[in-house]
Amino acid sequence: MCVRSGRFRLYAAVAAGSFRRYATYRIATLAGVFTNTVFGVILTYTYIALWDEKPGLGGYDQAQALTYVWIGQALLTTVAVMGGGFEDELMARIRTGDIAIDLYRPADLQAWWLAGDLGRGAFQLLARGVAPMACGGLLFSLALPGDAWTWLAAAVAVLLGVLVSFALRFLVALSAFWLIDGAGVAQIAWLASMFFSGMLLPLNVFPGALGEIARALPWSALVQVPADVFLGRRTGTDLLATYAFQAGWAAALLAAGRLLQSVATRRVVVQGG
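A short tour of the structure in this document, coming up. Here the structure is a predicted model, which is why all the values come from computation and not from measurement. (Residues numbered from 1 in each chain as written. Predicted model: local features only at pLDDT ≥ 70, side-chain atom pairs only at ≥ 80, totals over all residues. Heavy atoms only, no water.)

Looking at empty space enclosed by the protein
- For the structure on display, the rule yields one cavity of 30 Å³ or more.
- Approximately 40 Å³ is the volume found for the largest cavity.
- Lining the largest cavity are Leu43, Tyr47, Tyr68, Val69, Gly72, Gln73, Gly198 and Met199.
- Listing elements by their share of the lining of the largest cavity, those giving two or more residues are α2 (26–53) and α3 (62–75).
- Element by element, the count of residues in the lining of the largest cavity is highest for α3, at four residues.
- When the residues that make up the lining of the largest cavity are grouped by side-chain class, the tally is five nonpolar, three polar and no charged. (1 Å grid on protein atoms, 1.4 Å probe; cavity = no way out; pocket = protein on both sides within 12 Å on 5 of 7 lines; lining within 4 Å. Points joined across faces, edges and corners; volume = space filled by probe spheres on them. Helix = DSSP H or I, 4+ residues; strand = E, 2+ residues; numbered from the N terminus. Nonpolar A, V, L, I, M, F, W, Y, C, P; charged D, E, K, R; others polar.)

Okay, structure coming up:
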């Protein structure tokens, strides 16, 4: 019990330290808020034109479609759709060999980086998520939830989205153990994340089999799923199924990451010996 409590305090400290670390970049944060807001305005007018031509596209009315835009801007850095979290640093430590020190520490590698990423995500949601969403609400007529339960349900979906995002990026970072440079894998993952998360366009508007496949892939848990929960499109048993979908992908991807981590650890031990 004492060991578990000590580890919990350790990872909580890592998460808190990560939050404070990102909080020190005040100018970068303000620039990010400005950029998210500007792109949100541009996308909003694009969506207005599109929904004027095709009302009800994807099952959304125009107010819901505009809300979807600002949810995307709020989650862009929260779930690291374009990367920019821990993965670059982890790949650099693998390339330089510093990862050997990390693997011999009395802390789990995956849990350590997950704690840090949760701290990062919490800061990005508060700093670069709330402000653009508030600006969108002031400038346009959005379909915001009218009850606290929907906000709470959406918060849970966002947390699960962060877990899925971390698990995907952890796998990308571990590819550096077998590749000279993991940048290529990171680029492919970034493109897949942008397209299949629903960041560019709601996955509900994708036609036929493409839409079915896109909604079944783990990237949909990053933006599309939290947006639908926020818009009240997932309720009751459907909401539970939505959480199960996100949690299932998170568990599967985290297990895959732990397996690769074990293989990589043995490789480092053998080479070090």
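So that's the structure; there's more coming.
Let's talk about the packing of α2 against α3
- Running from N to C, α2 and α3 cross one another at 155°; their axes reach a closest spacing of 9 Å. In terms of their interaxial angle, α2 and α3 are classed as roughly antiparallel. Pair α2 / α3 crosses with right-handed handedness. Within the contact between the two elements, α2 uses Asn36, Thr37, Phe39, Gly40, Val41, Leu43, Thr44, Tyr47, Ile48, Trp51 and Asp52 and α3 uses Gln62, Ala65, Leu66, Tyr68, Val69, Trp70 and Gln73.
- Partitioning the contact of α2 with α3 into residue classes produces 11 nonpolar, six polar and one charged. (Axes fitted to C-alpha atoms, helices over the stretch in contact; angles between N-to-C directions. Parallel < 35°, antiparallel > 145°, perpendicular 65-115°, else oblique. Left-handed = near helix turned anticlockwise from the far one by under 90°. Contact = heavy atoms within 4.5 Å.)

A look at the packing of aromatic side chains
- Within this structure, the stated rule accounts for 14 aromatic pairs.
- Clustering of aromatic rings is evident, with ring pairs tying together Phe86, Trp113, Phe166 and Phe170. (Phe/Tyr/Trp six-rings, centres within 6.5 Å; stacked < 30°, edge-to-face > 60°.)

Overview of the layout of surface pockets
- Here the largest pocket defines a volume of roughly 540 Å³.
- In this structure, the largest pocket is lined by 24 residues; those nearest its centre are Ala74, Leu75, Leu125, Trp151 and Val158.
- The set of elements that each furnish at least two residues to the lining of the largest pocket consists of α3, α6 (109–128), α7 (130–139), α8 (148–174) and α11 (224–230).
- Counting residues per element, the lining of the largest pocket draws most heavily on α8, which supplies six residues.
- When the residues that make up the lining of the largest pocket are grouped by side-chain class, the tally is 20 nonpolar, four polar and no charged.

Thoughts on the packing of α6 against α7
- In the contact formed by α6 and α7, the axes pass within 4 Å of each other and the chain directions differ by 30°. Here α6 lies roughly parallel to α7, going by the angle between them. Taken together, the residues of α7 that come into contact with α6 (itself represented by Leu125, Leu126, Ala127 and Arg128) are Val130, Ala131 and Pro132.
- In the contact of α6 with α7, the residues fall into six nonpolar, no polar and one charged.

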